[in-house]
Amino acid sequence: MTLGSAQDTAPAGDVYCQQWKALGAWFLGPRGENYDVFLDTFSELLQRHVNLRNNYFPSDPSYITDEVRKSDSFQQEVKDMQKRLLEASEEMGGCVPFFSPRYQAHMCWDTTMPSILGYMSAMLFNQNNVDSAASPVTTVYEQAVGQQLCQMLGYNLEANKNVPVGWGHVTCGGSIANIEALWASRNVKFLSLAIKNALLKESLSQSDVLTVEQANKGLETTVKVYVKEKGIEDVALKNTDSWQLLNMDIDEICELTDKVIDNMGLSDNKPVVSSFKTLIETESVVNLGLFKFMKRNNLEQSPVYTCPANNHYSWPKGGTLLGMGSDALLPISLDVNFRQDITNLKKKLEQCLADQIPVISVTAVIGSTEESAVDPIREMYNLREDLKKKGLNFALLADGAWGGYFKTMINGDDASEKSHNEKEQGFVPHCPLTPYVEDQYAHIQLADTITIDPHKSGFCPYPGGALCYRNGKMRYNIAVIHPEVFHGEDDPTMGVYGIEGSKPGAAPAGILMSHNTIGLDKAGYGRILGQCTTTTKLFYCLWLTVARDDDPFTCLPLQYLPDGYTLEEAKTLIKEKMAYKSMSEVYKCTEAFEFLKKCGPDTMINTFAVNIKGNKDVEKSNELQIKMSDVMNIYVGSAAKRVPLILMQSGFNAVKHGAGLADFKKRLGLVDSDNKIDMNVMVNTCMNPWQSNESIFLIGDLFRSIVLNCIACLEDTKIKHRFVVVSDVEKEVSDEGDVKY
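Computed from a predicted structure; not experimentally measured.

**Section: the overall build of the protein**
- Across its full length, the protein holds 25 helices and 13 strands.
- Over its C-alpha trace the protein gives a radius of gyration of 29 Å, about what one expects of a compact globule, namely 27 Å for 741 residues.
- Seen through its C-alpha atoms, the protein measures out along the principal axes to roughly 95 × 80 × 55 Å.
- Residues classed as buried in the protein amount to 53% of the 741 residues present.
- The contacts in the protein between residues at least 6 apart in sequence include a share of 76% that link residues at least 24 apart.
- When the accessible surface of the protein is split by element, carbon and sulfur atoms take 51% of a total near 35,100 Å².
- The distance from the centre of the 72 positive side-chain charges to the centre of the 94 negative ones in the protein is 3 Å.

**Regarding the state of the cysteines**
- Summed over all chains, the structure comprises zero disulfides.
- C108 takes part in no disulfide bond, and the closest cysteine sulfur to it belongs to C95, at a distance of 12 Å.
- Take C150: it sits in no disulfide, and the sulfur closest to it among the cysteines is that of C468, at 3.9 Å.
- The buried category is assigned to C150, whose relative accessible area is 0%.

**Digging into the pattern of salt bridges**
- This model, assessed by the stated rule, comprises 26 salt bridges.
- Of the charged contacts, one joins E158 and K161 as a salt bridge, the two residues approaching to 4.0 Å between their closest N and O atoms.
- What makes E158 partly exposed here is its relative accessible area of 41%.
- Among the residues examined, K161 registers a relative accessible area of 43% and is labelled partly exposed.
- Three or more residues are tied together by salt bridges with common partners; here these are D249, D251, R384, E385, K388, D448 and R470.

**Considering the sheet that holds strand 11 (residues 605-612)**
- The four strands are arranged 10-11-13-12 in an open sheet whose pairing can be described as antiparallel. Edge positions in the sheet fall to strand 10 (553-557) and strand 12 (648-652), since each of these pairs with one other strand and no more. Here the average twist between neighbouring strands, direction ignored, is 35°.
- As judged from the five bridges shared by strand 12 and strand 13 (residues 679-685), these two strands associate in the antiparallel manner. In the sheet register, S650 faces strand 13, and the bridge partner there is V681.
- Where helix 25 (residues 693-715) meets the sheet, its contacts fall on strand 10 and strand 11, and the angle it forms with strand 11 comes to roughly 40°.

**Considering the sheet that holds strand 9 (residues 465-469)**
- Overall, mixed pairing links the seven strands, which are arranged 1-9-8-7-6-4-5 in an open sheet. Of all the strands in the sheet, just strand 1 (167-171) and strand 5 (329-332) have a single pairing partner and so form its edges. On average, each strand axis in the sheet is tilted by 20° relative to the strand beside it, whichever way the strands run.
- Along the sheet face, helix 16 (residues 377-388) touches strand 6 (359-365) and strand 7 (395-400) and points at about 170° away from the line of strand 7.

**Details of the nonpolar core**
- In this structure, L349, Y405, F459 and I528 are the most contacted members of the largest nonpolar core, which totals 75 residues.
- For this core, the leading source of residues is helix 5 (residues 138-153), giving seven residues.
- With near-sequence residues (within four places) excluded, I528 lies in contact with L23, W26, F27, F459, I518 and P689.

**A word on helix 6 (residues 174-189)**
- Under the 1.5 Å per step criterion, the end-to-end length of helix 6 is 22 Å for 16 residues, consistent within 8% with the ideal 22 Å.
- Among the 16 residues that make up helix 6, 15 are buried, leaving the element largely enclosed by the rest of the structure.

**As for the packing of aromatic side chains**
- All chains considered together, the criterion is met by 24 aromatic pairs.
- Ring geometry for F27 and W109: centres 5.2 Å apart, planes at 65°, overall edge-to-face. Linking F27 in the segment before helix 1 (35-55) with W109 in the loop between helix 3 (72-91) and helix 4 (113-123), this pair joins segments that are 82 residues apart in sequence.
- Judged by its relative accessible area of 0%, F27 is buried.
- Here W109 falls in the buried class, since its relative accessible area comes to 7%.
- On the basis of an interplanar angle of 45° and a centroid distance of 6.4 Å, the ring pair of Y476 and Y497 is categorised as tilted. One end of the pair, Y476, is in the loop between strand 9 and helix 18 (506-518); the other, Y497, is in the loop between strand 9 and helix 18, and 21 residues separate them in sequence.
- Residue class for Y476 comes out partly exposed when judged on its relative accessible area of 47%.

Here is what the cut-offs are and how they apply
- Residues numbered from 1 in each chain as written.
- Predicted model: local features only at pLDDT ≥ 70, side-chain atom pairs only at ≥ 80, totals over all residues.
- Heavy atoms only, no water.
- Helix = DSSP H or I, 4+ residues; strand = E, 2+ residues; numbered from the N terminus.
- Rg over C-alpha atoms; globule rule 2.2 N^0.38 Å.
- Buried < 20%, exposed > 50% of the residue type's maximum accessible area, 1.4 Å probe, protein only.
- Contact = heavy atoms within 4.5 Å.
- Areas by Shrake-Rupley, 256 points an atom, 1.4 Å probe, with all protein chains shown as cover.
- Lys, Arg positive; Asp, Glu negative; His and termini not counted.
- Charge placed at Lys NZ, Arg CZ, Asp CG, Glu CD.
- Disulfide = S-S within 2.5 Å.
- Salt bridge = Lys/Arg side-chain N within 4 Å of Asp/Glu carboxyl O.
- Pairing = 2+ DSSP bridges.
- Axes fitted to C-alpha atoms, helices over the stretch in contact; angles between N-to-C directions.
- Core = buried A, V, L, I, M, F, W, Y, C linked by side-chain atoms within 4.5 Å.
- Expected span 1.5 Å × (residues − 1).
- Phe/Tyr/Trp six-rings, centres within 6.5 Å; stacked < 30°, edge-to-face > 60°.

Interpretation in functional terms is not warranted from these geometric data alone.
Here it is as structure tokens:
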């Protein structure tokens, strides 16, 4: 099916002389500035939806007649509905104001207008993308989103090239996508063993699917495997051992079933091919389960997979769901930049090789959700290529749930500032990725799968995650075909792949509208993220200088200063040429903007900590972070309008964060010689592309007051006072309070 909206190629953004102004058309706005645009557009969409209902077999009768609408019961129910909705709307005033520049906490911000309007418009049709028969339009939309993401990330989409064709689909979120990637990797890992076992069974005439001659012909199919002291060689399937088959290339495994069928001369015999594939399935880990499969194949070592020590919780969850256990996850230590330590990864993989422990996958995190770190995926790929030559192979997975869309910052032509006036309001320059980070994004397509969340750095509504495969045939190993939702090979149904069943067609509709409107390159999403990156780096500068010389506290960002700067030099530069300056002034100052391009985190999340001067106790520092978090967060039952600044508090595990955390404690003046104490930190996620530099440093003034008050709460002697109140006091009120200054 061809639909004009469902373009498969990643759309390019429109380029303007004043590119930053285009962003104003993409969001409702912190003050609802685009209320009229939103309302007019949705009114038109709703009108068209109603017209469609009226025009669908117009001779059909109307069920909600004027008589019904005038009845007392109808009128009363409408009033009741409106009353309850207005009550809920009032209550939602207590929701977290993600849209506000005062919100600087989690990976949440405003969502794009095209994504909201696309979602709302499609939601009226309530399509279910589990089955194309229940979603003939939004299924095509989901296909298009998958294709767009694959192309944006660098996967091939052309079938006539001699490389695998990518494939992607929408999930409810990154957790589900990560678990699916691990599931697919495990199933592919064991597939070649299942194929060989199916052929061996047929060669012994234990079933009637194939003749003995055909089965033996299939066993003569050659595969590329590692041969000791010889390297990678072509070996007949019948002469391979289990370790060799467990370490074949993913692409070769994905082609092996068809290759065996061709070798047996059965390509045109669809009934036999279907029966043979069923036989393979009966021998697979999918059918037998991990324990029975390993026992049948005399595999003594349980499979493992690796993730960096700061991995998202979905990764150990996936191991338990797949029956491998969370113990199967080998955590890889972090370096001082909180990126995966390639030396430690190499050491653990070489140990797996020596002990012949099957490695399912190795995960690179492309933008961790607390440290904002991008793992060295290029080095990880090169390490796999070296280990292949020694007989160890595995899937390379990229967890780009947070960081995936940052690839748009290096796609397409530069959309630089062609014209701007320093007095013009709203100008925010875009800051590029650092050379190291850009190099990782230039090679992210080396991963076999990439998790990416449109509902994070894609600025789309929940639920909206996605998983992209470098080789789309990997997905066949997780397909669950059921006649209720699958209607033949030509059916575009997406629901047979992945973990979910029913899922909203509205989600891909919203994502697609956002992609098509904004564009997946430097002029579109790359521009949004580039401006957010500028904001992030300015906040980094703020946290570096927020404490005044005579203040009783210090504040330190997680990331080191760029090479060539001392702390005092950096502070002087920030105070003299950045603090409280307009964005134009910062941009025009070569020294200031060059510093910005080099400093800060990999991807838009500043992590930092505050310590009381002279304090060496980690626990006391932790107590201060908790106290600040209590002041700067909205909780159930609290009033959002009484929280002037919102930041997130998180924690670093001493074991998982290792040397990097030990180094950070030392820089902050804390003493923990054995690095055994976990540490609390503050987190500032910068997803507002319009944050003015002046407002950033004014937020710093507000933050400084909060810190001083929190220190006073922890250290000052409590004094009792009596007050006479002239109005009612809330029933549940503490008999203690803090006087703020």
